[in-house]
Amino acid sequence: MNVFIDYNASWYVLFFGFLAAWAVLTFIRRKGSGKREIKEQVFLATSGMVALALMEFFAVSNGLWSYTPGNWPVILWPTYFAAILFGYQLLRSIEGIFVSRPLL
């Protein structure tokens, strides 16, 4: 498996898009949650990264899928991390809507 650090600039758009969406939702949801929630989010994102990395390495090494040479960008992993952070905020935002305003 080859790892390349030369990748398309669109990866930055994807990475910073998720990171910006996370920051915006974090700011909007900020109700005195403070550093504890940020630590919780980073722990969740790190755990998610480990799970994704294990899945990728297992699947690639067992031939479940493969990446052609030159198509394994290093920025994939930080983008996964930012996507997990965004997913956490999205989940908490949706959870907040339904908890504060029950449907029935």
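Being a predicted model, the structure only gives us computed values, none of them experimental.

Participant: Could you give an account of the packing of helix H1 (residues 10-29) against helix H2 (residues 34-61), with specific residues and numbers?
Facilitator: Contact geometry for H1 and H2: axes closest at 12 Å, N-to-C directions at 150°. Here H2 runs roughly antiparallel to H1, going by the angle between their axes. The way H1 lies across H2 gives a crossing that is right-handed. Facing Trp22, Thr26 and Arg29 of H1, the residues of H2 in contact are Glu37, Ile38 and Gln41. Partitioned by chemical class, the residues of the contact of H1 with H2 number 2 nonpolar, 2 polar and 2 charged.

Participant: Residue-level account of the side chain of Gln89, with values.
Facilitator: Summarising the element assignment, Gln89 is placed in helix H3 (residues 76-100). Residue classification places Gln89 among the buried residues on the basis of a relative accessible area of 0%. At 3.2 Å, the side chain of Gln89 forms a polar contact with the side chain of Thr26. Contact partners of Gln89, with chain neighbours within four places excluded, come to Trp22, Leu25, Thr26, Arg29, Glu37 and Gln41.

Participant: Before we move on, can you summarise the packing of aromatic side chains with the specific residues and values?
Facilitator: Enumeration according to the criterion identifies 5 aromatic pairs in this entry. Each ring, one from Tyr12 and one from Phe16, has its centre 6.5 Å from the other, and the planes form 15°; the classification is stacked. With Tyr12 and Phe16 both in helix H1, this residue pair falls 4 residues apart, about one helical turn. Given the relative accessible area of 45%, Phe16 is considered partly exposed. Aromatic pair Trp77 and Tyr80: ring centres 5.4 Å apart, planes at 80°, arrangement edge-to-face. With Trp77 and Tyr80 both in helix H3 and 3 residues apart, the pair spans about one turn of that helix.

Conventions we followed
Residues numbered from 1 in each chain as written. Predicted model: local features only at pLDDT ≥ 70, side-chain atom pairs only at ≥ 80, totals over all residues. Heavy atoms only, no water. Axes fitted to C-alpha atoms, helices over the stretch in contact; angles between N-to-C directions. Helix = DSSP H or I, 4+ residues; strand = E, 2+ residues; numbered from the N terminus. Parallel < 35°, antiparallel > 145°, perpendicular 65-115°, else oblique. Left-handed = near helix turned anticlockwise from the far one by under 90°. Contact = heavy atoms within 4.5 Å. Nonpolar A, V, L, I, M, F, W, Y, C, P; charged D, E, K, R; others polar. Buried < 20%, exposed > 50% of the residue type's maximum accessible area, 1.4 Å probe, protein only. Polar contact = N/O pair within 3.5 Å; in protein donor to acceptor, adjacent residues only side chain to side chain. Phe/Tyr/Trp six-rings, centres within 6.5 Å; stacked < 30°, edge-to-face > 60°.

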